Structures are given as structure tokens and as C-alpha cells.
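What follows is the residue order along each chain.
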Amino acid sequence: MVNRSRTPQRTQFVCRECGHESARWLGFCPAPGCGSSLPLQEVDVVARVGNRSSWLTGSGERPRELSQLASEDRSRFALPSEEFNRVLGGGIVPGSVALLAGEPGVGKSTLLLQLARYLSESGRQVAYVSGEESPHQIKLRSERLGFAGDGVFLVSDTDVDLALSNLDECQPLLVIVDSIQTLFTQDAPAGPGSVAQVRECGLKLLQWAKQRNVPVFLAGHMTKDGSLAGPRVLEHMVDLVMYLEAQDVSSYRILRSGKNRFGSTTEIGVFEMTGQGLVEVPDPSQALLAQRYERAVGASLVPALEGTRPLMLEIQALTSPAFAPVPRRVANGVDYNRLLMLAAVASRRCGLELGGQDIIVNVAGGFRVNEPAADLGIILALASSLYNRPLDPQLVAVGEVGLSGELRTVPQMERRITEAARLGLSKCILPENAQDDVTRTSEMEPVFVRTVRQALRASLGSAGKAGVSISEQEYERDIDELGFG
């Protein structure tokens, strides 16, 4: 007779980077796309075997038909910060769990403390669970922000079960946890920050938030490769994942949404780090143009779209003769592989001799451009740097570049042109196919071109001068002088 009673498995092997679980030891993580160089870690799962009740109510619940459920309109908590509201999707949703990630020193704790200030000043009680800083350190930061701390209650427990008990006593309307990697629970093995601990602590906080309809904001660490530390299952559990980004040379901070169950993931919020904390920048386009040198060589303007907001970004390019056998390509704020493609198109289809040049491309202000609308602006900046001739300071360029050197239109062209006209710019180079999408006005002079070669003629040759009518012979003379071939 075969004994079918089996003892539950006591150990599993977990990847420390992505959280992949395996019943046996396989050496390194086999999950596709992980690429972790750390071996699988053996963890004890006995404590989690019997704890599989309903994640929301804590007890079993009978199945219910979706049409029989009442749709509750839960209003959001609107914040005084319009930039924060834009990323959240209009405000904080009750019962939601948000994860804020960023590099060390970027301003995560400052932003979360300002969030506590926003709600406490409106009469809402906030609980701040800190496992990294002492209450005195948080008090010093609040004084630097000019905030006394009324309505904000500090909880210094790193044991998540004790912290949740304290939260039940003070009954806050918002909970901030800084950070999730410092919490631990007795129900999971290993130490704080491990895959098992982060997963179990995140699950307990998620259950608490859903049961009491209280929003929870979690601060998360970033790994050295720029990804979110801890298991990927944590990102799947929460409702909102935000990233606070910055460059070392810039005071601007960009808040992006990587996941949002209640709004768009394409919106961004722009802040500036000052002595009084993070100050929102309501018009980043105007702030960037205020620092621009109009006769700069190797600089072009591109109206990019971030969600529903058009941003006038400055693309900077620098070319210099390469002394190494292989020329360098450096991309800050633009996709590296796309820069290689645009450099190849400019060299092969437009006659720009970039094969022996080191190329550095940067987006001013620490911003990042992910859409192909910036293709034409990048090539114009490269040509301006290569021939040491500045572009027209009133010129903007929009268009996707194909491999044969043709220009393609991009979405929402009218909104981009309207933003350029609002900022006082008067000339724009557009793809020829965008003529039906753009309304001609007296403030903006559109120049429609079919290829990148024609765009180079219009921006660097005599055709780039507004109000100048030139002949075909003068076109050819400009091309010969610039060496476009």
C-alpha cells in the first residue's frame, strides 16, 4: 500500500534579484531576462504554508457575481502639488499602495515627508514608519522644510507586525513606510531586505491597507544597475510604482510613473531640489529655455510629449575627432541604440562624416526623450556641431527619421507647435506629410521637408533665414560649402 501523505516542502530556492522560486537548487536563476550573477538562496517556507486565506478579508469568502457588486465612488485625496497629482492620476486613491523608488540621496524621504505635510495641513492624520532614520533625524528634516510636524505620528518599529499594531491604535488616514527593505516579520526566514522578507512584509502591508481603506506609500531602494531592489512580485502587488530620477549635475528631479492602476503611466512631475525641499516646476519648458544660450553650437529644440504635457527640450550634441581606433558614442537622456542608428543614417544618407568622430548627445536639464519625434533634432544638433555653425535660435524641429533618410510624422503635431508658439519660437521644420495636421498661424512659420537632407539645407543653409527666397543655384552653393555631397 502506498502512503500518499506527504510532508509539505520545507525549503525553496529563490533568486535574490527577481524573486523566481524553484523546488530544487539550479545554481543561478533560470528566469528569462533576469541575468542575476548571484546563486539561488535557500529559504524556509514552513511559516507560509498555512497562511493562505483570502488576501483581502483574511477569511474565506463566497464567490459573488460581478454584476451584483456595488460600484463605490471613492474620491481621491487631491494634493496642493499639481505635479504630484499629475503623476498620481489626480490624487491619492483610498486603500491604494504606492511604491516610490530612487537612487540614494535623490530625495525620496524629502518627498514623502512633504506628502505627509500636505495631508496633515488639510486636517488628515499621517503615520510615518521609519526603519532607516531616528525620530530626531526626521525632526531635523522637517525643520529644514519649515514644517513643525503637527498631525504626523512617527513609528520607529522595524517589525512589521508591531508597526501594524501601532497603526491600528493611531488610526491614520495615510501611512508612509521608509523603507520596505528595513522591515521584517517573524513569519519569513532570512534577514531584513531579503527576497522572502520584502515579499511577506509587502503582503502584510497590502492586506492592512485594503482592509482599512487607508493608502500606504512605500519607499524602495534601487540596485546598482538602476532597477528596483527586491522581488519583482512586490511591483505586481502594489497599485502604483513611481521613480524619482535626477542627474548628478542637475537640481531638477523628475517623478515618473512606471505602473498606475488609477491613471496614465506616461505623465511626469518636475521638481527642483532647493534648501526648502522639492519645489514643483509648473512650466519646465520656460525654465529650461531661460538657461539656454541662443547662439550655442550643436544645440536644437524639440517639443517632446510626456503624457499630456508638451515639453520644449534642448538636445545638445558634441562631435570631436576620435583618437581611439573605435569612435565613442555617449548618450545621456536618449536611447543609445537609436543614437547609433541616427548617426549611421546621417553619415550614409546625408553625407555627414561622422565615422571618425566621437559623438556625445545630451538632453539638457536631466530629462529623457523616449519618442522618435526627437530624431530630426538629434541629427540637426550633430550637423551643427560637426560644422561649427549654430542653428537659428527661433527654430524647432520635429520628425521621425527612417533608415532611408525620409521624415515621418509623429502624433499630436498641433499640440507641439502650439507649445513652441507659446514660448515665442517662430520657425519649425516638419515632415511634409504633416501639412494637414498643422494650422498655419502668423506666429509660427512651418517649413515642410521630405528628407533629412532637405532639413539640413533649411536649417544650416541660406534657406534657414526667415523671409529669404533663394534660387536652386544658391541651394547648391550652400550644399557645396557645407560638404553634404
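Residues numbered from 1 in each chain as written. Predicted model: local features only at pLDDT ≥ 70, side-chain atom pairs only at ≥ 80, totals over all residues. Heavy atoms only, no water.

A.B. asks: Lay out the pattern of salt bridges with the relevant residues and their values.
C.D. replies: It is possible for side chains bearing opposite charge to pair when their charged atoms get close. The final tally for this structure, using the stated rule, is 18 salt bridges. Of the charged contacts, one joins R117 and E121 as a salt bridge, the two residues approaching to 2.9 Å between their closest N and O atoms. Of this pair, R117 and E121 are both found in helix α2 (residues 108–121), four residues apart, which corresponds to roughly one turn of the helix. We classify R117 as partly exposed; its relative accessible area is 24%. A relative accessible area of 54% places E121 in the exposed class. (Salt bridge = Lys/Arg side-chain N within 4 Å of Asp/Glu carboxyl O. Helix = DSSP H or I, 4+ residues; strand = E, 2+ residues; numbered from the N terminus. Buried < 20%, exposed > 50% of the residue type's maximum accessible area, 1.4 Å probe, protein only.)

A.B. asks: Tell me about the side chain of K108, residues and numbers included.
C.D. replies: When you line up the elements, K108 lands in helix α2. Leave out the neighbours within four places in its chain, and K108 touches L100, A101, G102, E103, G220 and L244. (Contact = heavy atoms within 4.5 Å.)

A.B. asks: Help me get a handle on the nonpolar core, residues and values and all.
C.D. replies: One finds L313, L352, V361, F367, I378 and I429 to be the most contacted residues of the largest nonpolar core, which totals 47 residues. The dominant element in this core, judged by the number of residues it contributes, is helix α9 (residues 375–386), at seven residues. The contact partners of I378, leaving out residues within four places of it in the chain, are S300, I315, V334, L339, L342 and V361. With 32 residues, the next largest nonpolar core counts V106, I138, L145 and M242 among its residues. (Core = buried A, V, L, I, M, F, W, Y, C linked by side-chain atoms within 4.5 Å.)

A.B. asks: If you had to explain unusual backbone geometry to someone new, which residues and values would you point to?
C.D. replies: The linkage connecting D178 with the following residue, S179, adopts the cis geometry, with an omega of 5 degrees. Among the secondary structure elements, S179 is positioned in the loop between β7 (174–178) and α5 (195–212).

A.B. asks: How would you explain the environment of I180 if you had to name every residue and give the values?
C.D. replies: Positionally, I180 belongs in the loop between β7 and α5. Ignoring anything within four residues of it in the chain, the contact list for I180 reads V198, C201, G202, L205, A219, G220 and L234.

A.B. asks: Go over the packing of aromatic side chains, please, and point to the residues and values.
C.D. replies: By the definition in use, this model includes one aromatic pair. For the ring pair Y252 and F367, a centre distance of 6.3 Å and an interplane angle of 45 degrees mean the geometry is tilted. With Y252 in strand β10 (residues 252–260) and F367 in the loop between β16 (357–363) and α9, this residue pair connects regions lying 115 residues apart in the sequence. F367 matches Y252 in its accessibility class, with the two residues each being buried. (Phe/Tyr/Trp six-rings, centres within 6.5 Å; stacked < 30°, edge-to-face > 60°.)

A.B. asks: Please provide a residue-by-residue account of the sheet that holds strand β8 (residues 216–220), values included.
C.D. replies: Strand order across the open sheet formed by nine strands is β6-β5-β7-β8-β4-β9-β10-β11-β12, with mixed pairing between neighbours. Edge positions in the sheet fall to β6 (152–155) and β12 (277–280), since each has one partner strand and no second. Neighbour to neighbour, the strand axes of the sheet diverge by 25 degrees on average, direction disregarded. With six bridges connecting them, strand β9 (residues 240–245) and β10 associate as antiparallel partners. When the bridges of β10 are listed, L244 appears paired with L255. Set on the sheet, α2 makes contact with β4 (97–102), β5 (126–130), β6, β7, β8, β9, β10 and β12; between it and β7 the angle comes to about 165 degrees. (Pairing = 2+ DSSP bridges. Axes fitted to C-alpha atoms, helices over the stretch in contact; angles between N-to-C directions.)

A.B. asks: Talk me through the pairing of strand β11 (residues 268–274); I want residue IDs and the actual numbers.
C.D. replies: One ladder, built from five bridges, connects β10 with β11; its direction is antiparallel. Counted as the bridge partner of R256 is I268 from β11. Bridge count between β11 and β12: four bridges; the pairing is antiparallel. Looking across to β12, one finds that M273 is bridged to L278.

A.B. asks: Describe the confidence of the model for the protein, and please don't skip the residues or the numbers.
C.D. replies: As a note on interpretation, predicted positions should not be read in detail where pLDDT is low. Here the protein shows a mean pLDDT of 84. Residues at 70 or above account for 84%. Note that pLDDT drops below 50 for residues 47–55; the model gives that stretch 13 contacts with residues more than four away or on any other chain. (pLDDT = per-residue confidence, 0-100.)

A.B. asks: Quick rundown of the environment of F184? Include the residues and the values.
C.D. replies: Along the chain, F184 falls in the loop between β7 and α5. Here the alpha-carbon distance between F184 and T158, two residues 26 residues apart in the chain, equals 6.4 Å. Sequence-distant contacts of F184, defined by excluding residues within four places in its chain, comprise T158, D159, V160, P192, Q197 and C201.

A.B. asks: Just give me the short version of the side chain of Q181, but keep the residues and values in it.
C.D. replies: Along the chain, the position of Q181 falls in the loop between β7 and α5. Here the side chain of Q181 touches H221 through a polar contact of 3.3 Å, landing on its backbone nitrogen. (Polar contact = N/O pair within 3.5 Å; in protein donor to acceptor, adjacent residues only side chain to side chain.)

A.B. asks: Give me the lowdown on the environment of S75, citing residues and values where you can.
C.D. replies: Mapping S75 onto the fold places it in the loop between β3 (41–44) and α1 (82–88). Residue classification places S75 among the exposed residues on the basis of a relative accessible area of 54%. The contact partners of S75, leaving out residues within four places of it in the chain, are I92 and P94.

A.B. asks: If you had to explain α9 to someone new, which residues and values would you point to?
C.D. replies: Its 12 residues give α9 an end-to-end C-alpha distance of 17 Å, which sits within 8% of 16 Å, the value for a rise of 1.5 Å per residue. The buried fraction of α9 is high, at 11 of 12 residues. When α9 is considered as a whole, its buried residues turn out to be D375, L376, G377, I378, I379, L380, A381, L382, A383, S384 and S385. After α9 finishes, the residue N388 shows a positive phi value of roughly 55 degrees. (Expected span 1.5 Å × (residues − 1).)

A.B. asks: Account for the packing of α9 against helix α11 (residues 452–460), with residues named and values stated.
C.D. replies: The interhelical angle for the contact between α9 and α11, taken along N-to-C directions, is 55 degrees, at an axis separation of 10 Å. Between α9 and α11, the crossing angle belongs to the class labelled oblique. Where α9 crosses over α11, the two elements pack in a sense that is right-handed. Residue-level inspection shows L376, I379, L380, A383 and S384 of α9 in contact with α11, the latter providing V452, A455, L456, S459 and L460. In the contact of α9 with α11, the residues fall into eight nonpolar, two polar and no charged. (Parallel < 35°, antiparallel > 145°, perpendicular 65-115°, else oblique. Left-handed = near helix turned anticlockwise from the far one by under 90°. Nonpolar A, V, L, I, M, F, W, Y, C, P; charged D, E, K, R; others polar.)

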